[in-house]
Amino acid sequence: MLAEFLALTLPPMLIATLASLVCALPGNVLLLRRQAMLGDAMSHVVLPGIVAAFLLTGSASGPVMLGGALAAAALSALMIEAIRRTTRADPVAAMGVTFTTLFATGVLLLEVSGASAVHLDVEHALYGNLEGLIWLDGTGWAALADPAALAGLPVELPALAAALAAMALAFALIWRPLVIATFDEGFAASLGIPTRLISAGLTGLTALAAVSAFAAVGSILTIAMLICPPAAARLLTDSLPRQVVLSLVIAAASAILGTLAAGYLPPALGLGFTVSAAGSIATLSGLFLGLAATFGPRRHAPGHPAGRRSGPSV
Amino acid sequence: MAPADSATPLPEIALALSGLSVAYGGMPVVEAATARFPAGSMTAIIGPNGAGKSTLLKAALGLVPALAGEVRAFGQPVARALPRIAYVPQRAAVDWDFPARVIDVVQMGLYRQTGPLGRLTPDLRARAEQSLADLGMADFAQRQIGALSGGQQQRVFLARALAQQGDLIVLDEPFAGVDAATEAAIIAVLHGLRARGRTVIAVHHDLSTVPAYFDRVLLLNRRVIAEGPTSTTFHRDRVAEAYGNQLLTAIPA
């Protein structure tokens, strides 16, 4: 039982937790900027980025995948801007057509190329591969102190720990100007804050989060990790620091409980199968959001008449 | 532009625009605006809706790109002089549902002092609290910004600008949708700033209060119609020209 937990449950659980923490951080800011759609876009465009990077280099290592995803993110930003300018389409519409087109291209690339021969296949790209991230050397508590056994941990684990450290460091460094630019962009610019650079940086960090979550929950469910925990936390508090902390707690709870529920709940109910951990995590995230929306103290938050965001006045 | 100015010795110019033009999506919004704002003056920018008043301010501060023209503040390119300028955007330009307390917003005005990582020293905290007190908002420091009335929101914005201790304060419609008490509090603070040699420029809508509040006016309708001391510039024919003869009866003689 212990060996089974250490080998089959603990690694996916830790990986899912790290991935959801990495996602929740930028998610808080995307939510406040009303750019949740950007998170959705990034989580989709990482797929063609990762596939193209693999086809070009033959490598599926973390830095290569991240580089491909960032390149795809930059390309998608250019495409969105080009579509917006040439067709005068709504920015959200431009974003929607861009990321679905790039995502579909990624799926086709994946199918026609040899990439599917490695661990990149369409199903995993869509729904993640949490259950496959196992630790065969995790045979008992002793393995946790055995360097040889620890070396057999899935590579995603240290990679996600590094991504989380990088994400936390980046947010610590830019937090103050990021908050000012998010609340009042014009004022931020008058303070000399490079608001365009900050926006681009946030897009880059969102891409980093999307790449990180890709291994765990795949493209489609990443948006749940990016947005549900911060959105639930937003409904529970009016303090931004508390919102961030709560979002991390909800993200971790969704990941841990989701992984456990997927593996243990159906058997405990006498059912002869298990369900997808990624699906359980995303469902739990949505459930937490629903609970916060139903019972949270801010559910009747009055939108002050002057509080609405209006377009630029001329 | 105004002949009366060239006869007297020129005071220091807080802000000077020359030939400033701005377009949004190919549509000209401000055309070749030239204007000077002397240090220690208080200027109303007035003109009809769509005249480009907000855009003129934003372009003057470099917040939106200009097609052409030059802006100097205190004799320097405006980008270099920005640390001496406090900008108060339109209240409606931000989302007041943002998770922040009143004091958090005012402390944003201290960013030049703290930078991204610097500590808020006790002196800086006191400065933010004093700025709130100057606008009669001391008791609201811990209040959620979403719980404020429109007038209180505007006071918070002005308190944030006071905390910046700028020499030039640029305000976009500071009296839009505020109560009479707030308007009186704001104008008292602005007149106090002027008395201490600071320069104030505000987009203003209520023509009836222009002579009482402002010593200079700039009439704008995409281009500068007139600019100068209120007593010599704020006349019915000029204002009518700026407003395209829409508002003749609303203008004090």
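Our subject is the structure that appears above.
Counting starts from 1 at the beginning of each chain's written sequence and moves along it residue by residue. Numbering of ligands from 1 and lettering of chains from A proceed in the order in which they are written. Local features in this predicted model are restricted to residues whose pLDDT is 70 or higher, and side-chain atom pairs enter the listing and the counts only when it is 80 or higher, whereas totals over whole chains, interfaces and linings include all residues. Note that the side-chain values use all heavy atoms of the structure and ignore hydrogens as well as water.

Trainee: Which parts of the structure should I look at to understand the pairing of strand E9 (residues 216-221) of chain B?
Mentor: In the case of a regular strand, side chains alternate between the two sheet surfaces. Residues and elements named next belong to chain B. Buried, partly exposed and exposed residues are distinguished by accessible area as a fraction of the type maximum, computed with a 1.4 Å probe on protein chains only: under 20%, between the cut-offs, and over 50%, respectively. Secondary structure elements follow DSSP: runs of H or I of four or more residues count as helices, runs of E of two or more count as strands, with numbering from the N terminus. Of all six residues in E9, five are buried, a share of seventy percent or more. Only strands joined by at least two bridges in the DSSP assignment are considered to pair. As paired strands, strand E3 (residues 42-46) and E9 are joined by four bridges and run parallel to one another. Note on E9: the bridge partner recorded for Thr 43 is Arg 216. With six bridges connecting them, E9 and strand E10 (residues 223-229) associate as antiparallel partners.

Trainee: Would you explain the interface of chain B and chain A in this entry?
Mentor: On the side of chain A, 33 residues touch chain B, which itself brings 43 residues to the contact. A 1.4 Å probe defines the accessible area here, and the buried area is the portion of it lost by two parts on being joined, summed over both. The largest share of the area that chain B buries against chain A comes from Phe98(B), Pro99(B) and Tyr111(B), three residues that together contribute 21% of it. Take a side-chain nitrogen of Lys or Arg and a carboxyl oxygen of Asp or Glu: if they are within 4 Å of each other, that pair is a salt bridge. Here chain B is connected to chain A by two salt bridges. Notably, a salt bridge pairs Asp95(B) with Arg34(A), separated by 2.5 Å at the nearest N-O pair. For this analysis, a polar contact is any N or O atom pair within 3.5 Å, provided that within protein one partner can donate a hydrogen and the other can accept it, and provided that sequence-adjacent residues contribute only side-chain to side-chain pairs. Counting across the chain B and chain A interface gives nine residue pairs in polar contact (both at pLDDT 80 or more). Of all the elements in the fold, those that place two or more residues in the side of chain B that touches chain A are helix H2 (53-60), helix H5 (111-114) and helix H7 (150-164) of chain B. A per-element tally of the side of chain B that touches chain A places H7(B) first, with five residues. Here the nonpolar group is Ala, Val, Leu, Ile, Met, Phe, Trp, Tyr, Cys and Pro; Asp, Glu, Lys and Arg are the charged ones; every other residue, Gly included, is treated as polar. Residue classes in the side of chain B that touches chain A are distributed as 20 nonpolar, 16 polar and seven charged. The contact criterion used is simple: two residues touch if any of their non-hydrogen atoms lie within 4.5 Å.

Trainee: Where do I start with the packing of aromatic side chains in this structure?
Mentor: Between two aromatic rings, the relevant description is the distance of the centres plus the angle of the planes. Pairs were defined over the aromatic rings of Phe, Tyr and Trp, the Trp ring being its six-membered one, requiring ring centres within 6.5 Å. Orientation was assigned from the angle between planes: stacked under 30 degrees, edge-to-face over 60, tilted for the rest. Overall, the coordinates contain six aromatic pairs over all chains when judged by the stated rule. Think of it as a cone above the ring: NZ of Lys or CZ of Arg counts as a charge over the ring if it is within 6 Å of the ring centre and within 35 degrees of the ring normal. The ring of Phe187(A) has Arg160(B) sitting right over it, with the charged end atom 3.4 Å from the ring centre. One Lys or Arg, Arg160(B), reaches over the ring of Phe157(B) and ends 4.3 Å from the middle of that ring.

Trainee: So what exactly am I meant to see when it comes to the environment of Ile198(A) here?
Mentor: Residue and element names in this part refer to chain A. Relative to the assigned elements, Ile 198 resides in helix H9 (residues 195-234). For Ile 198, a relative accessible area of 8% puts it in the buried group. C-alpha of Ile 198 to C-alpha of Ala 69: the two residues are 129 residues apart in sequence and 19 Å apart in space. Ignoring sequence-local partners within four residues, the contact set of Ile 198 consists of Arg 33, Pro 177, Leu 178 and Ile 193.

Trainee: Where do I start with the sheet that holds strand E7 (residues 168-171) of chain B in this structure?
Mentor: Sheet strands pair by backbone hydrogen bonding; their relative direction is either parallel or antiparallel. All names here are of chain B. An order of E6-E7-E8-E3-E9-E10 is seen for the six strands of this open sheet, with the pairing classed as mixed. Across the chains shown, the open sheet's two edge strands, defined by having one partner strand only, are strand E6 (85-88) and E10. Here the strands of the sheet are splayed against their neighbours by 15 degrees on average, with no regard to which way each runs. Sitting on the sheet, H7 touches E6 and E7, and the angle it makes with E6 is about 170 degrees. Comment: axis = line fitted to C-alpha atoms, over the contacting stretch for helices; angle = value between 0 and 180 degrees taken between N-to-C directions.

Trainee: Even after reading the chapter, I still don't get helix H1 (residues 2-32) of chain A, so can you show me in this structure?
Mentor: All names here are of chain A. With 31 residues, H1 extends 42 Å from end C-alpha to end C-alpha; this agrees with the ideal 45 Å at 1.5 Å per step. Fitting axes to the seven residues ending at a residue and to the seven starting there, one defines the bend at that residue as the angle between these axes. Where H1 bends most, at Thr 9, the angle is about 40 degrees, and the proline Pro 11 comes one to four residues later. Within H1, 24 of the 31 residues are buried, which leaves it mostly tucked inside the rest of the structure. Residue Arg 34 follows H1 closely and has a positive phi angle near 55 degrees. To estimate the expected span of a helix, count its residues, drop one, and scale the result by 1.5 Å.

Trainee: When you look at unusual backbone geometry in this model, what are you seeing that I'm missing?
Mentor: Residues and elements named next belong to chain B. In this structure, Ala 32 takes a positive phi of about 45 degrees despite not being glycine. By secondary structure assignment, the location of Ala 32 is in strand E2 (residues 27-38). One non-glycine residue, Glu 173, lies in positive phi territory at about 50 degrees. Among the secondary structure elements, Glu 173 is positioned in the loop between E7 and helix H8 (180-195).

Trainee: Where do I start with the side chain of Ser280(A) in this structure?
Mentor: All names here are of chain A. If you trace the backbone, Ser 280 turns up in helix H11 (residues 277-295). Accessibility expressed as a relative area gives 14% for Ser 280, which makes it buried. In this structure Ser 280 touches Gly 258, Ala 262 and Val 275, once residues within four positions along its chain are discounted.

Trainee: Looking at this structure, how should I read the sheet that holds strand E4 (residues 68-73) of chain B?
Mentor: Residue and element names in this part refer to chain B. Taken together, the four strands give an open sheet; going across it, the order is E2-E1-E4-E5, and neighbouring strands pair in antiparallel fashion. Either end of the sheet is taken by a strand with one partner, and the two such strands are E2 and strand E5 (76-77). As paired elements, strand E1 (residues 13-24) and E2 share eight bridges and run antiparallel to each other. When the bridges of E2 are listed, Tyr 24 appears paired with Met 27. Strands in contact with H2 are E1, E2 and E4; relative to E1, the strand with the most contacts, it is inclined by about 115 degrees.

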